Number of protein chains: 2
Amino acid sequence: MNKNIPEISLQRLPVYLNYLRSLSGDDKKYISSGAIAAALGMGEVLVRKDLAYTSGVGRPKVGYVRAELIAALEEYLGCNIRKRAVLVGAGGLGRALLAYGGFEKYGIDVFEAYDSDPSKAGTEIAGKPVRPVEELFQLKGSDVRLAIVAVPAAAAQSVCDTLSEAGISGILNFAPVQLKAPGDVVVRNIDVAANLAVLSNML
Amino acid sequence: MNKNIPEISLQRLPVYLNYLRSLSGDDKKYISSGAIAAALGMGEVLVRKDLAYTSGVGRPKVGYVRAELIAALEEYLGCNIRKRAVLVGAGGLGRALLAYGGFEKYGIDVFEAYDSDPSKAGTEIAGKPVRPVEELFQLKGSDVRLAIVAVPAAAAQSVCDTLSEAGISGILNFAPVQLKAPGDVVVRNIDVAANLAVLSNML
């Protein structure tokens, strides 16, 4: 969608957006790149460079109009475009993700789940239907391009293969394995335990 | 702990470790940096450079001895040193994290949880006790340095303050807010919704 921005800058845009949204009050109508940088513990030049990828433009002496900058970030991140996503693996983590309300503010609707356990099929979690994993292929030809994979490590590659065949082009993978996907499928990994191990090493 | 390695390389070490652990069979006694690079979709020079931070050394023509490389990565990442961690926020995500078995392979024991809901205090989740959040200060002086924050965004900063005062020096934060912590406290953020939004932008 936005091919010109480096991934590392793209990853920081939600951080700015979260911060700007967290401010409130009339005295927060304007905000400078220096104030954003100080609040987030980043360099001011980096902040200005990142924000320049969106249409957010600061004004001399005044800084950014906060509401305008929020709108620019939301537009750039596609928050106003509704995107449907599915979740595979309705275990503990999957259930928590289905109940999580945070996706909506990015325009993402995680609307249904798939699980290999037949006893879960036909049930609902957080108001979202759970379907048998065999029905994943029915996504083919639909508008669904995003999937969250929250299955055990041993099952993740097979789920990844099925999702790729079903036309999914973006996979957020929580299983602690490196997935092999076709070149036109983007995989992002969130390995919670590895993150905690890395954090422990940084102390 | 390992201050010489760049964070970006450190983050990749668990990826190598997961991959090497996933291999099996006698024909996998040796593995070359080229084979690792190809499997993970990375550059070979980068792989060699990353692995050189550990004591893993490849042999000409043969490559790395897989078991030795695994041991070197495990030692570097401190997998064999037991570290205790607490979790704050025993909601949906917190419960899933308490039940997750993946921390152990990094030597991390998430052994108890804290929650502000009095009805949860005194209960157990996945065999781990849930205590009132007011008791967090009791961690002061203990060997616990790691905490996972899985509370709602509005409560995260206050929890971060309490954890910092209680002597926690590493916080893995799932709340979609930028936490302000003292300089000697390291915070790593996992914003699941932002990750999915970034992924969507990369398609």
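Within each chain, residues carry numbers counting from 1 in the order of the written sequence. Chain A is the first chain written and ligand 1 is the first ligand written, with later ones labelled in order. Reporting of local features is limited, given that this is a predicted model, to residues whose pLDDT is at least 70; pairs of side-chain atoms are given and counted only at 80 or more, and all residues count toward the totals for whole chains, interfaces and linings. The side-chain numbers reported here are obtained from all heavy atoms of the structure, hydrogens and water having been left aside.

(A) Fine view of the sheet that holds strand 9 (residues 186-189) of chain B. Residue and element names in this part refer to chain B. Here we have seven strands laid out as an open sheet, ordered 5-6-4-3-7-8-9, and mixed in their pairing. One side of each edge strand has no neighbouring strand; the edge strands of this open sheet are strand 5 (124-125) and strand 9. Strand pairing is assigned whenever DSSP identifies at least 2 bridges connecting the two strands. A run of H or I in DSSP counts as a helix once it spans at least four residues, and a run of E counts as a strand once it spans at least two, with each numbered from the N terminus. As paired elements, strand 5 and strand 6 (residues 128-132) share two bridges and run antiparallel to each other. For isoleucine 125, the partnering residue across the bridge sits in strand 6 and is lysine 128.

(B) Geometry of the relation of the copies chain B and chain A. The two copies are related by a screw motion: chain B maps onto chain A through a turn of 180° and a shift of 0.0 Å along the axis, at an RMSD of 0.0 Å. Taken together, these values place the two copies in the relation of a two-fold axis. When the interface residues of chain B are mapped onto chain A, 100% of them again fall at the interface, so both copies present the same face. We superpose the copies by least squares over the C-alpha atoms of residues that have a pLDDT of at least 70 in both of them. A contact between two residues is defined here by any heavy atoms of the two lying within 4.5 Å.

(C) Structural view of helix 2 (residues 33-40) of chain A. All names here are of chain A. Burial status follows relative accessibility: with a 1.4 Å probe on protein chains alone, a residue under 20% of its type maximum counts as buried, one over 50% as exposed, and anything between as partly exposed. Looking at helix 2, one finds that the buried residues are Ser33, Ile36, Ala37, Ala39 and Leu40. Buried residues of helix 2, seen end-on, are gathered within an arc of 165° and therefore sit on one face of the element. Check the buried side of helix 2 and you find it contacts helix 1 (7-22), strand 1 (30-31), helix 3 (44-52), strand 2 (64-65) and helix 4 (66-76). Immediately downstream of helix 2, the backbone of glycine 41 shows phi near 65°, a positive value. What the arc covers is the set of directions going from the helix axis to the C-beta atoms.

(D) The arrangement of the packing of aromatic side chains in detail. Ring geometry is summarised as follows: Phe, Tyr and Trp rings, the Trp one being its six-membered ring, pair when their centres sit within 6.5 Å, and such pairs are stacked at plane angles under 30 degrees, edge-to-face over 60 and tilted between the two. This structure, assessed with the given rule, holds two aromatic pairs over all chains. Their ring planes at 85° and their centres at 5.3 Å tell us that tyrosine 100 of chain A and phenylalanine 103 of chain A sit as a pair that is edge-to-face. Relative accessible area serves as the criterion here: at 2%, phenylalanine 103 of chain A is assigned to the buried category. Placement of a charge over a ring requires the Lys NZ or Arg CZ to be within 6 Å of the ring centre, with the centre-to-atom vector within 35 degrees of the ring normal. For the cation-ring pair, arginine 21 of chain A lies above tyrosine 106 of chain A, with the distance from its terminal atom to the ring centre recorded as 6.0 Å. Over the face of the ring belonging to phenylalanine 111 of chain B we find arginine 84 of chain B, whose NZ or CZ atom lies 4.2 Å from the ring centre.

(E) Broad picture of the pattern of salt bridges. All names here are of chain A. Any Lys or Arg side-chain nitrogen found within 4 Å of a carboxyl oxygen on Asp or Glu counts as a salt bridge. The tally for this structure, following the rule as stated, stands at 18 salt bridges over all chains. Where aspartate 143 meets arginine 84, a salt bridge forms, and the shortest distance between an N and an O atom there is 2.8 Å. One end of the pair, aspartate 143, is in the loop between strand 6 (128-132) and strand 7 (146-149); the other, arginine 84, is in strand 3 (residues 83-88), with 59 residues separating them in the sequence. When salt bridges with common partners are traced through the structure, they connect Glu112, Arg131 and Glu135 into a single cluster.

(F) A look at the sheet that holds strand 8 (residues 170-173) of chain A. Read from one edge of the open sheet, seven strands run 5-6-4-3-7-8-9 (chain A), paired in mixed fashion. Each edge of the sheet is formed by a strand with only one pairing partner; in this case those strands are strand 5 (124-125) and strand 9 (186-189) of chain A.

(G) Looking closely at the environment of isoleucine 5 of chain A. Residues and elements named next belong to chain A. Mapped onto the secondary structure, isoleucine 5 falls in the segment before helix 1. A relative accessible area of 7% means that isoleucine 5 is categorised as buried. As a C-alpha pair, isoleucine 5 and tyrosine 53 span 48 residues in sequence and 6.6 Å in three-dimensional space. What isoleucine 5 contacts, discounting residues up to four positions off in sequence, is Leu10, Leu13, Tyr53 and Tyr76.

(H) Main features of the interface of chain B and chain A. Counting from both sides, the interface comprises 53 residues of chain B and, opposite them, 53 residues of chain A. What gets called buried area is simply the loss in accessible area from a 1.4 Å probe that two parts show on being joined, summed for both. Counting each side, the surface lost to burial between chain B and chain A is near 4800 Å², with a carbon and sulfur contribution of 70%. The interface formed by chain B and chain A contains zero salt bridges. Two N or O atoms count as a polar contact when they lie within 3.5 Å, although within protein this holds only if one can serve as hydrogen donor and the other as acceptor, and sequence-adjacent residues are included solely when both atoms are side-chain atoms. Across the chain B-chain A interface, the total number found is eight residue pairs in polar contact (both at pLDDT 80 or more). The residue makeup of the side of chain B that touches chain A, split by class, is 33 nonpolar, 12 polar and eight charged. Residues are grouped as follows: Ala, Val, Leu, Ile, Met, Phe, Trp, Tyr, Cys and Pro are nonpolar; Asp, Glu, Lys and Arg are charged; all remaining types, including Gly, are polar.

(I) Representation of the side chain of aspartate 191 of chain B within the structure. Considering the arrangement of structural elements, one finds aspartate 191 of chain B in the loop between strand 9 and helix 7 (192-202). Notably, aspartate 191 of chain B is buried but unbridged: the nearest opposite-charge side chain belongs to lysine 105 of chain A, and the N-O separation is 5.3 Å. Within the local environment of aspartate 191 of chain B, its side chain forms a polar contact with the backbone nitrogen of alanine 194 of chain B, the two atoms lying 3.0 Å apart. Aspartate 191 of chain B has contacts with Asn18 and Tyr106 of chain A together with Pro176 of chain B, leaving out every residue within four places of it along the chain. His residues and chain termini do not enter the charge count, which takes Lys and Arg as positive and Asp and Glu as negative.

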